[in-house]
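Observations on the model geometry
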Amino acid sequence: LELPAACSPGTYANATDDDGDPDCFDCPAGSSCGGGAAPPAECSPGSVTATPGLSKCERCSAGFYQKASGAAECLRCKPGSLCPLGASLELPAACEPGTY
């Protein structure tokens, strides 16, 4: 008989012992773990977790982006591009020549 695991946020269980005590593991970088018996969920594009053991993904700061799912770091936006908070793409900047 397996009982549902009750891991704290930032951790997950991939198996439950017969005695009902879960084996909890730190959530991997690039994923979030809400706790309980839920498996890790990859961060969506535009968000990351840089270190293991986090319960929520963080949006990329303005000036950075991340187009991949499950990433551990945001990428710096190239000059001439626009990357708002939580960007999953580099957008072309619409500045007039000589302005920024």
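Worth saying up front: this structure is predicted, and the values here are computed from it rather than measured.

Let us look at the overall build of the protein chain. If you tally the helices and strands in the protein chain, you get zero helices and ten strands. Ordered by position from N to C terminus, the α and β elements of the protein chain give β-β-β-β-β-β-β-β-β-β. Every one of the 100 residues in the protein chain was classed for burial, and the buried ones make up 26%. Excluding contacts between residues fewer than 6 apart, the proportion of contacts in the protein chain whose partners are at least 24 apart in sequence is 28%. Accessible surface, the protein chain as shown: approximately 6,300 Å² in total, 55% of it carbon and sulfur.

This prediction gives the protein chain a mean pLDDT of 86; 81% of its residues lie at or above 70. Mean pLDDT across the elements of the protein chain ranges from a minimum in strand β1 (residues 11-16), with 75, to a maximum in strand β5 (residues 47-48), with 98.

The subject of this paragraph is the state of the cysteines. Applying the stated criterion across every chain, the model contains five disulfides. Covalent S-S linkage joins Cys43 and Cys57, the inter-sulfur distance amounting to 2.1 Å. Every disulfide takes its handedness from the sign of the S-S torsion; for Cys43 and Cys57 that torsion is -90°, giving left-handed. One end of the pair, Cys43, is in the loop between β4 (41-42) and β5; the other, Cys57, is in the loop between β5 and β6 (58-59), and 14 residues separate them in sequence. Residue Cys57 is classed as partly exposed on the basis of its relative accessible area of 23%. The side chain of Cys77 participates in a disulfide bridge whose partner is Cys83; the two sulfur atoms lie 2.2 Å from each other. The sign of the S-S torsion, about 75°, decides the handedness of the disulfide formed by Cys77 and Cys83: right-handed. Disulfides within the protein chain link the bonded cysteines, taken in sequence order, as 1-2, 3-4, 5-6, 7-8, 9-10.

We now examine the side chain of Ser32. Its place among the elements puts Ser32 in strand β3 (residues 31-32). In contact with Ser32, not counting residues within four places along its chain, are Cys27, Pro40, Ala41, Leu54, Ser55, Lys56 and Cys57.

About the thresholds
Residues numbered from 1 in each chain as written. Predicted model: local features only at pLDDT ≥ 70, side-chain atom pairs only at ≥ 80, totals over all residues. Heavy atoms only, no water. Helix = DSSP H or I, 4+ residues; strand = E, 2+ residues; numbered from the N terminus. Buried < 20%, exposed > 50% of the residue type's maximum accessible area, 1.4 Å probe, protein only. Contact = heavy atoms within 4.5 Å. Areas by Shrake-Rupley, 256 points an atom, 1.4 Å probe, with all protein chains shown as cover. pLDDT = per-residue confidence, 0-100. Disulfide = S-S within 2.5 Å.

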